[in-house]
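Take a look at the letters that make up each chain.
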Amino acid sequence: MRAGIAFALVSAVLFGASAPLAKLLLGRVDPWLLAGLLYLGSGVGLAALRPLLPRQGGRLARADWPWLAAAVAAGGVVGPVLMMLGLAHASASSASLVLNLEGVFTLGLAWVVFRENVDRRLLVGAGAILAGAALLSWQDGSGGGGWGLWAITGACLAWAIDNNLTRKVSAGDPVEIAMIKGLAAGAVNTALALAIGQDLPAWPLIGAAAILGLGAYGLSLVLFVLALRHLGTARTGAYFSTAPFVGAALAVVVLGEAPTPLLAAAGLLMALGLYLHLTESHAHDHVHEALEHDHSHRHDDHHQHGHAGQDPAVPHSHAHQHQRLVHRHPHYPDIHHRHTH
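A. Seen up close, the overall build of the protein chain. Assigned secondary structure in the protein chain consists of 13 helices and 4 strands. Surface accessibility of the protein chain: about 14700 Å² in total, with carbon and sulfur atoms responsible for 66%.

In structure tokens:
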């Protein structure tokens, strides 16, 4: 669980930087084209880094591809376009805090649609985050409200759908998953933007967008997939809710945006919701049914098989079997704890 929390928080920091830094590029790059360049930079960058990075999961099976394709459409095509259009009409600090809705939508879909266990504490925390986001909608035009925040809300919903669909393939190699998402989504959005008459910006701007995309969407997504594997969708979304605080802080420091009283109140409500999420503890007697799958693992209570010449403490990936097991310990709905309650 500690590894999953670390992956989610670092992913949040990388993604949180995207709103204020992308704001610096808007005005010189069309929002739709910028969305494509960000994801294309993510995919190309990860493709270049892939030979240097150890494999962290099994290969995608045929049954995984429909889930991944749907995730690419929602989170890679629809989400970034709405985000860039929203950023063009909203302040970066307000946009960054509205991004907290991604965690709320992710949790709601995980609970209602995908039947992941969510307790009362998580629901209260989600309510506090939603109340904070609602405060931002009361700001006037000078605060960056209006339809721009609605577009960003739509982006959050698209990414929440993406998060829940990606959980279905989270045992796979996260670099491969993020690379495929980046290349597919980036190529589609870039091609569409050029088809409607947008011109490519100067190479320095393309390079800046590619570097930002690699960090904020590529490496962030790799860590997010790893967190999904350890924590499940709802909890990963809760930890990922720290991203907007990073973005709002950068907007004040980098762009010189003045914090408003409503912004501060919204931040406090969101901080309360995040605290309730972070302090959750979940333990009970549970059953692991017999299972065979392929993912990166060390030998622990859930992995007791042996290898000739393999150090059990070193992460490795291969197809392996789990025997039926009944025990009790604190856990999140990771790839081994997706039981019903």
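B. Seen up close, the packing of aromatic side chains. Enumeration according to the criterion identifies 4 aromatic pairs in this entry. An angle of 90° between the planes, with centres 5.4 Å apart, marks the rings of Phe-15 and Trp-159 as edge-to-face. On the criterion of sequence distance, the pair formed by Phe-15 in helix H1 (residues 2-16) and Trp-159 in helix H8 (residues 147-166) is long-range, its members being 144 residues apart. Residue classification places Phe-15 among the buried positions, given a relative accessible area of 6%. Residues Phe-15 and Tyr-217 carry aromatic rings whose centres are separated by 5.8 Å and whose planes lie at 50° to one another, so their mutual orientation is tilted. Within this pair, whereas Phe-15 is found in helix H1, its partner Tyr-217 is found in helix H10 (residues 203-231), the two being separated by 202 residues in sequence. For the pair shown, Phe-15 and Tyr-217 are each scored as buried. Three or more aromatic residues joined by ring pairs form one cluster here, namely Phe-15, Tyr-39, Trp-159 and Tyr-217.

C. Looking closely at the confidence of the model for the protein chain. Of the residues in the protein chain, 77% have a pLDDT of 70 or more, and the chain-wide mean is 79. Ranking the elements of the protein chain by mean pLDDT puts strand E1 (residues 283-288) last with 62 and helix H3 (residues 31-49) first with 92. Scored below 50 in pLDDT, residues 140-144 shows 8 contacts in the model against residues more than four places distant or in partner chains.

D. Highlighting the packing of helix H4 (residues 64-87) against H8. Look at H4 against H8: their axes get within 8 Å of each other, and the N-to-C directions meet at 160°. In terms of axis orientation, H4 runs roughly antiparallel to H8. Considering only the axes of H4 and H8, their crossing is left-handed. Partitioned by chemical class, the residues of the contact of H4 with H8 number 18 nonpolar, 6 polar and 1 charged.

E. Quick peek at the nonpolar core. Core analysis: the biggest nonpolar cluster contains 52 residues, and Leu-34, Met-83, Met-84, Leu-87, Leu-99, Ile-152 and Trp-159 have the highest contact counts within it. Contributing elements (two or more residues each) for this core: H1, helix H2 (18-25), H3, H4, helix H5 (92-98), H8, helix H9 (174-195) and H10. Residue contacts for Ile-152: discarding those within four places in its chain leaves Leu-82, Met-83, Gly-86, Leu-87, Ala-90, Ala-95, Val-98 and Leu-99.

F. Highlighting the side chain of Asn-163. With respect to the helices, strands and loops of the structure, Asn-163 is situated in helix H8. Looking at Asn-163, the relative accessible area reads 7%, which means it is buried. In this structure Asn-163 touches Glu-102, Thr-106, Phe-224, Leu-228 and Thr-233, once residues within four positions along its chain are discounted.

G. The pattern of salt bridges, seen in detail. Under the criterion given, the structure shown has 2 salt bridges. The partner of Glu-176 in a salt bridge is Arg-50, and the shortest N-O contact between them spans 3.6 Å. Here the residue Glu-176 occupies a position in helix H9, and Arg-50 occupies one in the loop between H3 and H4, the gap between them amounting to 126 residues. Arg-50 sits in the partly exposed class, given a relative accessible area of 27%. Between Lys-181 and Asp-162 there is a salt bridge, and its shortest N-O distance comes to 2.5 Å.

Reading the values: rules and limits
- Counting restarts for each chain: residues are numbered from 1 in the order of the written sequence.
- Confidence filtering applies because this is a predicted model: local features only for residues at pLDDT of at least 70, side-chain atom pairs given and counted only at 80 or more, and all residues used for totals across whole chains, interfaces and linings.
- Side-chain figures throughout are based on the complete set of non-hydrogen atoms in the structure, without hydrogens or water.
- In this text, helices come from DSSP runs of H or I with a minimum length of four residues, and strands from runs of E with a minimum of two, each type numbered from the N-terminal end.
- Computed by Shrake-Rupley with a 1.4 Å probe, the accessible areas treat only the displayed protein chains as cover when residues are assessed.
- Pairing of aromatic side chains here covers Phe, Tyr and the six-membered ring of Trp, requires ring centres within 6.5 Å, and sorts the geometry by plane angle: under 30 degrees stacked, over 60 edge-to-face, intermediate tilted.
- Three exposure classes are used, based on accessible area relative to the maximum for each residue type with a 1.4 Å probe and protein chains only: buried under 20%, partly exposed in between, and exposed over 50%.
- Each residue carries a pLDDT score, the predictor's own confidence in it, on a scale running from 0 to 100.
- We call two residues in contact whenever any of their non-hydrogen atoms come within 4.5 Å of each other.
- The angle between two axes is taken between their N-to-C directions and runs from 0 to 180 degrees, where each axis is a line fitted to C-alpha atoms and a helix contributes only its stretch in contact.
- Here is the rule for angles: anything less than 35 degrees is roughly parallel, anything more than 145 is roughly antiparallel, 65 through 115 is roughly perpendicular, and the remaining ranges are oblique.
- Should the near helix be turned anticlockwise from the far one by less than a right angle, the crossing is termed left-handed; should it be turned clockwise, right-handed.
- Amino acid classes used here: Ala, Val, Leu, Ile, Met, Phe, Trp, Tyr, Cys and Pro are nonpolar; Asp, Glu, Lys and Arg are charged; the rest, including Gly, are polar.
- Throughout, nonpolar core names a set of buried Ala, Val, Leu, Ile, Met, Phe, Trp, Tyr and Cys residues whose side chains join them through atoms within 4.5 Å.
- Salt bridge, as applied in this entry: a Lys or Arg side-chain nitrogen positioned within 4 Å of an Asp or Glu carboxyl oxygen.

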